Every structure is written in C-alpha cells, then in structure tokens.
Amino acid sequence: MLISILAIATSATWLYSKVDGALPKLNGKSTVFGLSKVVEVERDEQGIATIKAKNRIDVAVATGFIHAQERFFQMDLLRRNSAGELASLFGDIALNYDKSIRRHRFRDRARLIVNQLPAEQLALLKAYTRGVNSGLSALRAEPFEYLMLGQAPVQWSEEDSILTIFSMYIDLQSHDGKRERTLGLLNDVLSQQAFAFLNPKGSEWDAALDHSSFPPEPLPSMPWPAASTASLTQLDVPFGKRPYAANNEQNNHLVVSSHNFLTNQAQSRYSKYHDDDFPGSNNWAISGEISQSGSAIIANDMHLGIKVPNTWFRASFEYPEADKLIKVTGATLPGTPNIVIGSNGSIAWGFTNSYGDYSDVITLTLNDNGTQYLTPKGYKEFTYHKQVIAVKDASSQEVDIKETIWGPVLGEDHRGNLLAYRWVAHD
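Residue indices begin from 1 for each chain and proceed along its sequence in written order. Two thresholds apply to this predicted model, a pLDDT of at least 70 for residue-level local features and 80 or more for giving and counting side-chain atom pairs, whereas whole-chain, interface and lining totals are computed over all residues. Think of the side-chain values as coming from all heavy atoms in the structure, minus any hydrogens and water.

## Some points on the sheet that holds strand β17 (residues 418-423)
- Pairing in this open sheet of three strands is antiparallel, and the strands run β11-β17-β16 from one edge to the other. In the strand order of this sheet, the two ends are held by β11 (359-363) and β16 (409-412), each with one partner. Adjacent strand axes in the sheet meet at a mean angle of 30°, parallel and antiparallel pairs treated alike.
- Pairing between strands requires that DSSP locate at least two bridges from one strand to the other. To qualify as a helix, a DSSP run of H or I must reach at least 4 residues; to qualify as a strand, a run of E must reach at least 2; elements of each kind are numbered from the N terminus. When β16 meets β17, the two strands line up antiparallel, connected through three bridges. Within the sheet, the bridge partner assigned to Gly411 lies in β17 and is Leu419. A fitted line through C-alpha atoms serves as each axis, taken over the contacting stretch for helices, and the angle formed by two N-to-C directions is quoted from 0 to 180°.

## Regarding a nonpolar patch on the surface
- A patch is a set of surface residues, each over 30% in relative accessible area and not in a salt bridge, joined within 9 Å for like charges and within 5 Å for the nonpolar side chains Val, Leu, Ile, Met, Phe, Trp and Tyr. Method for areas: the Shrake-Rupley scheme with a 1.4 Å probe, in which residue coverage is limited to the protein chains shown. Any Lys or Arg side-chain nitrogen located within 4 Å of an Asp or Glu carboxyl oxygen qualifies as a salt bridge. A cluster of nonpolar side chains, namely Trp284, Ile286, Ile290 and Ile297, defines an oily patch on the protein surface of about 420 Å² accessible area.
- Position of Ile290 relative to the elements: it lies in the loop between β5 (281-286) and β6 (297-302).

## What to know about the sheet that holds strand β8 (residues 324-332)
- Taken in spatial order, the six strands of this open sheet run β1-β2-β7-β8-β9-β10, and their pairing is mixed. Of all strands in the sheet, those with a lone pairing partner are β1 (40-43) and β10 (348-349), marking the two edges.
- Across four bridges, the pairing between strand β2 (residues 49-52) and strand β7 (residues 313-321) is parallel. Residue pairing in the sheet places Lys52 in a bridge with Glu318 of β7.
- The criterion used for residue contact is that any of the two residues' heavy atoms lie within 4.5 Å. Sheet contacts for helix α2 (residues 56-83): β1, β2, β7 and β8; angle to β7, the most-contacted strand, approximately 160°.

## Thoughts on unusual backbone geometry
- Although it is not a glycine, His211 adopts a positive phi angle of roughly 65°.
- When its relative accessible area of 75% is taken as the criterion, His211 is described as exposed.
- Of note in this structure, Asp393 is not a glycine but carries a positive phi near 60°. Between buried and exposed lies partly exposed: a residue is buried under 20% and exposed over 50% of the maximum accessible area for its type, with that area taken using a 1.4 Å probe on protein chains only.

## Focus: the pattern of salt bridges
- The full count for this structure, using the stated rule, is 17 salt bridges.
- Of the charged contacts in the structure, one is a salt bridge between Arg107 and Glu85, with a shortest N-O distance of 2.7 Å. Here Arg107, found in helix α5 (residues 106-116), pairs with Glu85, found in the loop between α2 and α3 (87-90); they are 22 residues apart in sequence, far enough to count as distant.
- For Arg107, a relative accessible area of 16% puts it in the buried group.
- The salt bridge partner of Lys386 is Asp400, with a shortest N-O separation of 3.4 Å. Here the residue Lys386 occupies a position in strand β14 (residues 383-389), and Asp400 occupies one in strand β15 (residues 397-403), the gap between them amounting to 14 residues.
- Salt bridges sharing common partners tie together Asp76, Arg79, Arg80, Glu85, Arg105, Arg107, Asp108, Arg111, Glu159, Asp160 and Glu403.

## Focus: α2
- Over its 28 residues, α2 extends only 29 Å from the first C-alpha to the last, a length that falls short of the 40 Å expected when each residue adds 1.5 Å.
- Summarising burial for α2: 25 of the 28 residues are buried, a large majority.
- The backbone nitrogen of Ile57 lies 3.2 Å from a side-chain oxygen of the residue at the head of α2, namely Asn55.
- Looking at the residues trailing α2, positive phi occurs at Gly84, about 70°. Expected helix span is computed as 1.5 Å times (number of residues minus one). Distance and chemistry together define a polar contact, namely a pair of N or O atoms within 3.5 Å, with one atom able to donate a hydrogen and the other to accept it when in protein, and with adjacent residues in sequence counting only for side-chain atoms on both sides.

## A look at the environment of Leu366
- As for its placement among the helices and strands, Leu366 is situated in the loop between β11 and β12 (372-375).
- Not counting residues within four places of it along the chain, the set of residues in contact with Leu366 comprises Gln372, Tyr373, Tyr379, Phe382 and Leu418.

## A look at the side chain of Gln74
- Position of Gln74 relative to the elements: it lies in helix α2.
- Separated by 3.2 Å, the side chain of Gln74 and the backbone oxygen of Thr311 make a polar contact.
- Setting aside residues no more than four positions away along its own chain, Gln74 makes contact with Pro309, Asn310, Thr311 and Pro334.

## Let's talk about the packing of α2 against helix α4 (residues 95-102)
- Here α2 crosses α4 at 65°, and the two axes come no closer than 7 Å. By the criterion of interaxial angle, the relationship of α2 to α4 is roughly perpendicular. Here α2 contributes Asn81, Ser82 and Ala83 to the contact with α4, which in turn contributes Tyr97, Ile101 and Arg102. Each angle is binned into one of four classes, with values under 35 degrees roughly parallel, values over 145 roughly antiparallel, values of 65 to 115 roughly perpendicular, and all other values oblique.

## Overview of the packing of aromatic side chains
- Ring geometry is summarised as follows: Phe, Tyr and Trp rings, the Trp one being its six-membered ring, pair when their centres sit within 6.5 Å, and such pairs are stacked at plane angles under 30 degrees, edge-to-face over 60 and tilted between the two. Under the defined criterion, the tally for this structure stands at 10 aromatic pairs.
- Residues Phe106 and Trp423 carry aromatic rings whose centres are separated by 6.0 Å and whose planes lie at 65° to one another, so their mutual orientation is edge-to-face. Separated by 317 residues along the polypeptide, Phe106 in helix α5 and Trp423 in strand β17 bring together distant segments of the chain.
- Taking the relative accessible area as the measure of exposure, Phe106 reaches 1% and is therefore buried.
- Site record: aromatic cluster; members linked through ring pairs are Phe106, Phe166, Tyr169, Tyr421 and Trp423.
- Placement of a charge over a ring requires the Lys NZ or Arg CZ to be within 6 Å of the ring centre, with the centre-to-atom vector within 35 degrees of the ring normal. Above the plane of the ring of Phe382 lies Lys402, whose end atom (NZ or CZ) is 4.3 Å from the centre.

Printed below as a string of structure tokens:
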C-alpha cells in the first residue's frame, strides 16, 4: 500500500512539474537571442501584454517570444493544418485530411513567398522567428499538449508564419470548391427558375454604395423536383461515391437514388446539428457627425469558430520611429508578427470576411486516353508533384498531386468529369 501511494505521489509530482514548467514567464529577466536593445514587457490585470522596444525589429522578436511561451501548440496546429502535416502529430486519424490539403502544396508556396519578400518584411519575419524559438527554448518544460501526444515540438521557421496565414484561407474560404461544385450540381438538376431562386445575385438588404438594389427572384412557376432531405445531403459524399441524379425533363421530376450512401455517422450529424456553414464577420463604421465625441467609430466583430485558446492574442506595441512614438493596440494572430486589427490612436481598422468570388471549379476536357487536358492553347500534359506525408506510429505515405495551368485536380463531378480548382490562395 505504501509503495502504491509513493508511486502515485511521485507520478503526480512529475506531472505537476511538467505542466508548471510549461507556463510562460511573467516576471523577471530573460536573455533573448536577436534583440538589439532591452525590451520591456508589461501586463495589465487581464494579462494583456504591452511591448516597449527601441525599434520595430525588437518588437517582432519580443512578440514571437511571448507567442511561443503562451500559444506555441496553437501556432503548431495552424502551420500543420495548412501544410497537411497533422498526421505526423495525431496519426492515421488525420491522414485523409492531410491528403485533401496537400493538393494545394502550401508549404512549397510558403517557401516561394518567403524567398520573394521585400528585405524589410523578411527582416521582420526573421526577427519574429528568432523570438519564437527563443521563447520555446526558455520554457522549463514542453507545452503539456506534446506530453499528452508523446511528441516533441519542432522549431519555428519563416515559412511557418506564411502557413499560419494560409490556415486563415482554409478557415474562411472553401479549400475543396464545395460551394462551386454544389452550385454546378444544382444548375444541372434544377430548372433555371429554381436555380435562380436558390442562388440569387442579391436582395433588397444589400446596401450597395451606388444605391442600386436587386429585385427578389420570383418563386418558380414550374413544379419543384421531388428529392428527400436525405438525398440532398449527397453533396457531402466523397467524389466517386455519390448516387447518380437524373433530371426527367418530361415531368420535371428529379430521380435520386438515395439509399445506402450515407453512413450512420453522417445521418446522425445531419439530424442532430449543423456546423457553422458561413464563418465570417461583421463590421460597422459610424460617422463622427452622429457620435457624441465627434470622432468616427468602427465596430468590428470577427466571427470565427470558438476555440480554446481564442484565435486572437491581444497586445500593444510601443516603439520610436522618425522622432515620434508609435503605439499600436489590438489583436495579433499567434504565428505572425503584426497587429491584425486595432488602433494607433489616430486610425482604427478591422477586417471582415467578404463572400466574393475567390475560386472557380473548372471542368476539364480530356484527350482520348485521358493523359492531356484542353487549354486555350491546345492540349497540355498534366504536371505531377510528389508529396510525402509522415504518419505518427505508421509508415509514411506518398501522394501524387495532379495539377493543371489553373490549379490542382480536385476529383470528378456528378457526371464523371475531371475538375480543376482555381483559388486566389494559390497566388
């Protein structure tokens, strides 16, 4: 009995020391590689950091240090999410997701972006990276998440900050062309009246700058297709596994083979709840003519999925520039060195996710043996890029990414046509 108690106490003490050692340093002094001058970090009663430095580069170093101390696992997930490298942390459960993301080759694109950055921006990114790695090494123990996963954290690099931004693309836009593919399917199986009604250009609630407005689309006069609620969920079935839908033009009746294509898990998901289909934001600008202070007001609400920790990290930067003191207060994105939204005392700014036309799904026309696709300059060979996905506790897997001049190949549509994806994230 005594031995058991001793073993439990020893284990608890060890676990506590690991968790306690992973907490950020809030007081005292630290030697941080890459700083040119002394930097002060002050925190208010809510723990929000104010970074006071002699130059912008030192602010970036200190920001990276603090981010790593408090949010490194979050940063790690963001870079792995867009790089398609989650399976190396979580194992086979993340493999299919990694495969779907690898088609975008975001790590390759991030390296290219870093190599093309202007010198001033590259210096800022390098400074931030030095701060991150210094903050990580200054922890007395690795963040507890790695203890639970039986993994060790990997140091930060400049390209990882670009990958963090790519993760925001994935969060706020469609990485698989789902919206475009859905509209294409609806256009094929519904009457034009029904399609226009379900996909209007706008409504009376659109506040256009030129005061123009969109008239509401009329209700279709033709009969609606007969499709069950269950059969409409075929839009979430993977490529090549959807039931075939045929439109009987004679009586405008949609015939859908809906049996056995939804798993119990998928059926349960649709019956219990729906995800946030449209993550986005709202903001308002109010003229100083109607405010009590006489100053304009901006209200910005960045709607993102609820996470622990929160997506954003509040901070304030203070540093001299051109004989004046710069003070910027707002929210940073862990993994990047800038204030994303905030105020400099004279101007306040915010971001909102607009639902613009940022992607296109392109139906490819193939030659007879399917080895080439038609372009404005004639048939062209596909290009291929090999990707290796590391998997925790399993062998690595290789995937071949098939690409066109427009972008990667997504798969097939409901008619069996090969699809390519054109997305601004690739730019």
